[in-house]
Amino acid sequence: MSVSAVAADSSVCAPLAVLGRDVTVPLVTGGEVTYAALDYAASAPALQRVWDDVAAYAPYYGSVHRGAGYLSQLSTDLFENSRKTVAEFLGCREGDQVVFTRSTTDSLNLLAAALPTDCQVFVFETEHHASLLPWRDARVTYLNAPRTPDEAVQTLERALADRDPYGPALVCVTGASNVTGELWPVRELAAAAHAHGARIVLDAAQLAPHHPVSVAELDVDWVAFSGHKLYAPFGSGVLAGRSDWLRAAEPYLAGGGASRKVARRADGGVDVEWHDSAARHEAGSPNVIGVYSIASACKALTDAGFDELVAREQHLIRTVREVLAEVPQVRILSLFGDDAPRVGVISFVVDGWNSSHFAAALSAEYGIGVRDGLFCAHPLVRTLLGSEPDEPGECGAPEAAPGEKSLNAIRVSFGAGTPDEHVERFVRAVKELVADGARWSYRTEDGRCVPDTGAAA
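Residues numbered from 1 in each chain as written. Predicted model: local features only at pLDDT ≥ 70, side-chain atom pairs only at ≥ 80, totals over all residues. Heavy atoms only, no water.

1. Considering the overall build of the protein
Thinking step 1. Check the secondary structure of the protein and you find 13 helices and 19 strands.
Thinking step 2. Computed over its C-alpha atoms, the radius of gyration of the protein comes to 23 Å, within 12% of the 23 Å expected for a compact globule of 457 residues.
Thinking step 3. For the protein, the spread of C-alpha atoms along the principal axes amounts to about 80 × 55 × 45 Å.
Thinking step 4. Looking at the protein residue by residue over its 457 residues, the buried ones come to 54%. (Helix = DSSP H or I, 4+ residues; strand = E, 2+ residues; numbered from the N terminus. Rg over C-alpha atoms; globule rule 2.2 N^0.38 Å. Buried < 20%, exposed > 50% of the residue type's maximum accessible area, 1.4 Å probe, protein only.)

2. With respect to the sheet that holds strand β8 (residues 199-203)
Within a beta sheet, neighbouring strands are joined by backbone hydrogen bonds and run either parallel or antiparallel to one another.
Thinking step 1. On the basis of which strands lie adjacent, the open sheet formed by seven strands has the order β4-β10-β9-β8-β7-β5-β6 and mixed pairing. On the outer flanks of this sheet lie β4 (97-101) and β6 (139-143), each paired with one strand and no other. The average angle at which neighbouring strand axes cross in this sheet is 20 degrees, direction not considered.
Thinking step 2. When β8 meets strand β9 (residues 222-226), the two strands line up parallel, connected through three bridges. Pairing of V201 across the sheet is with W222, part of β9. (Pairing = 2+ DSSP bridges. Axes fitted to C-alpha atoms, helices over the stretch in contact; angles between N-to-C directions.)

3. Points about the packing of aromatic side chains
Thinking step 1. Counting across every chain of the model gives 11 aromatic pairs.
Thinking step 2. Between W353 and F358 the ring centres are 4.9 Å apart and the planes differ by 85 degrees, which places this aromatic pair in the edge-to-face class. The same class applies to W353 as to F358, namely buried.
Thinking step 3. A connected cluster of aromatic rings, assembled from ring pairs, spans F348, W353, F358 and F426.
Thinking step 4. Over the ring of Y166 we find R163; its NZ or CZ atom is 4.0 Å from the centre of that ring. (Phe/Tyr/Trp six-rings, centres within 6.5 Å; stacked < 30°, edge-to-face > 60°. Lys NZ or Arg CZ within 6 Å of the ring centre and 35° of its normal.)

4. What about unusual backbone geometry?
Thinking step 1. The backbone of D118 shows a phi angle near 65 degrees, a positive value even though the residue is not glycine.
Thinking step 2. Secondary-structure assignment places D118 in the loop between α3 (104-113) and β5 (120-124).
Thinking step 3. Judged by relative accessible area, D118 falls into the exposed class, the value being 57%.
Thinking step 4. Phi angles above zero are rare outside glycine, and F234 is one such case at about 85 degrees.
Thinking step 5. Considering the arrangement of structural elements, one finds F234 in the loop between β9 and β10 (237-241).

5. Section: the sheet that holds strand β13 (residues 330-332)
Thinking step 1. With antiparallel pairing, four strands are arranged side by side in an open sheet as β13-β14-β17-β16. If you trace the sheet from one side to the other, it starts and ends with β13 and β16 (371-373), each paired once. Here the strands of the sheet are splayed against their neighbours by 30 degrees on average, with no regard to which way each runs.
Thinking step 2. Of the strand pairs in this sheet, strand β14 (residues 345-350) and strand β17 (residues 409-413) are connected by four bridges, and their pairing is antiparallel. Directly across from V345, in β17, lies its bridge partner S413.
Thinking step 3. Along the sheet face, helix α10 (residues 306-325) touches β13, β14 and β17 and points at about 10 degrees away from the line of β14. (Contact = heavy atoms within 4.5 Å.)

6. Observations concerning helix α6 (residues 186-195)
Thinking step 1. Looking at α6, one finds that the buried residues are V186, L189, A190, A192 and A193. Looking down the long axis of α6, one finds its buried residues gathered within 160 degrees of arc, a one-sided arrangement.
Thinking step 2. Buried-residue contacts for α6 involve β5, α5 (149-161), β7 (169-174), β8 and α7 (215-218).
Thinking step 3. Phi for G197, located one or two positions after α6, is positive at around 75 degrees. (Arc of directions from axis to C-beta.)

7. A closer look at the packing of helix α2 (residues 70-89) against helix α9 (residues 288-304)
Thinking step 1. Here α2 crosses α9 at 40 degrees, and the two axes come no closer than 9 Å. Between α2 and α9, the interaxial angle falls into the category oblique. Of the two elements, α2 crosses α9, and the hand of that crossing is left-handed. Here α2 contributes S75, L78, F79, S82, T85, V86 and F89 to the contact with α9, which in turn contributes V288, V291, Y292, I294, A295, C298, K299, L301 and T302. (Parallel < 35°, antiparallel > 145°, perpendicular 65-115°, else oblique. Left-handed = near helix turned anticlockwise from the far one by under 90°.)

8. So, the pattern of salt bridges
Thinking step 1. Taken as a whole and judged by the stated rule, the model has 23 salt bridges.
Thinking step 2. Between E80 and R83 there is a salt bridge, with its nearest N and O atoms 2.8 Å apart. Linking E80 with R83, this pair stays in helix α2, spanning three residues, or about one helical turn.
Thinking step 3. Residue R83 is classed as buried on the basis of its relative accessible area of 13%.
Thinking step 4. Its salt-bridge partner being E326, residue K431 comes within 3.0 Å of it at the nearest N-O pair. Residue K431 is found in helix α13 (residues 420-436), and its partner E326 is found in the loop between α10 and β13; the two are separated by 105 residues along the sequence.
Thinking step 5. Overall, the relative accessible area of 31% leaves K431 in the partly exposed class.
Thinking step 6. When its relative accessible area of 36% is taken as the criterion, E326 is described as partly exposed.
Thinking step 7. One network of salt bridges, with partners in common, ties together R199, D221, R242 and D244. (Salt bridge = Lys/Arg side-chain N within 4 Å of Asp/Glu carboxyl O.)

Here is the structure:
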């Protein structure tokens, strides 16, 4: 496919306006170019609409829940209305709670702290570390990476059927892989979990920015996601779903806001009555602006229409994959195969290239920002690369020098704000780098591959 064909069929809708779309960056080869942000899977740029909403509210910022003044009352209404907006965006059921956290990682650690005694957790090795690692105080069964969606369901069913003793259980699964972009069979996995008396939590960090997510339709017990991947800055996240385990658990953080009543006892101690609502796990002064930015992003994506956004993104995905497939030295990483449905996240390796070197050249010579490494999903990337579990490799950059083999990959990711030109430049750059090599010399510094200042190739 010609790179000029990228924009040919992507007129379903225009990209959404995002901050940074006009930022220019210097090139080592001279001059400047508009920055192509193709690392959405790490943090998506903020939507302009979100930024405008936050800027309009900022002068009216005040403390929430405990202030009698006008700005405090206004901020409290905004905070709680944001909770309602998120609940609607996620298709929550009556009685579900929406708890605001710092991130997906924070959300899943909160749920891990709320697990009932002797709860057994089932999690595939393919998960991001945010959903792979929080369950340290539970009995955890790690499941091998499946090679088809059906195999994923069958693997889970066997593991749940064999658990002993039979008791409370939780399944944690991603909605879309942060490495391959592939969609997981969430509804089928939820049905398998419930058939065996288990509950299920969905890590929607990569799914929610690209597809509608409905707690009720998917029949999951909880869903977690991060604002910074949903085009909302300021470090907030969400845990939404069933309230019973959350109400029964000790507060995630002890402090003001989580407590309904605190009184001294005659013996000098303190009695505490905790809230039963979401406030139980939201102690301290909340990130009002972060919460509002999530709600604003939810409204913006809903108003834009997911059908149109998905159609445009699917065209970009097909284009990138088809162009990469034309380059023999490029291998795209996949669990479920070429025909698997996916979001705009594609990881690959290039024969003869250290992944950090390739990513550095994309940045320094073309102004393109991608990610290289193991993407905080070490077991999955190692499985996809066919490496041994104990081979060295880091979440960030490899230690290998340019040209040396490294246990890492390159990830390009995009979404609702990606212009056609950014994708055109990326596929052209890949072809040029593979065919002609880098135009500059690079060295390893503090574990990262960086341009060697003043030294052209």
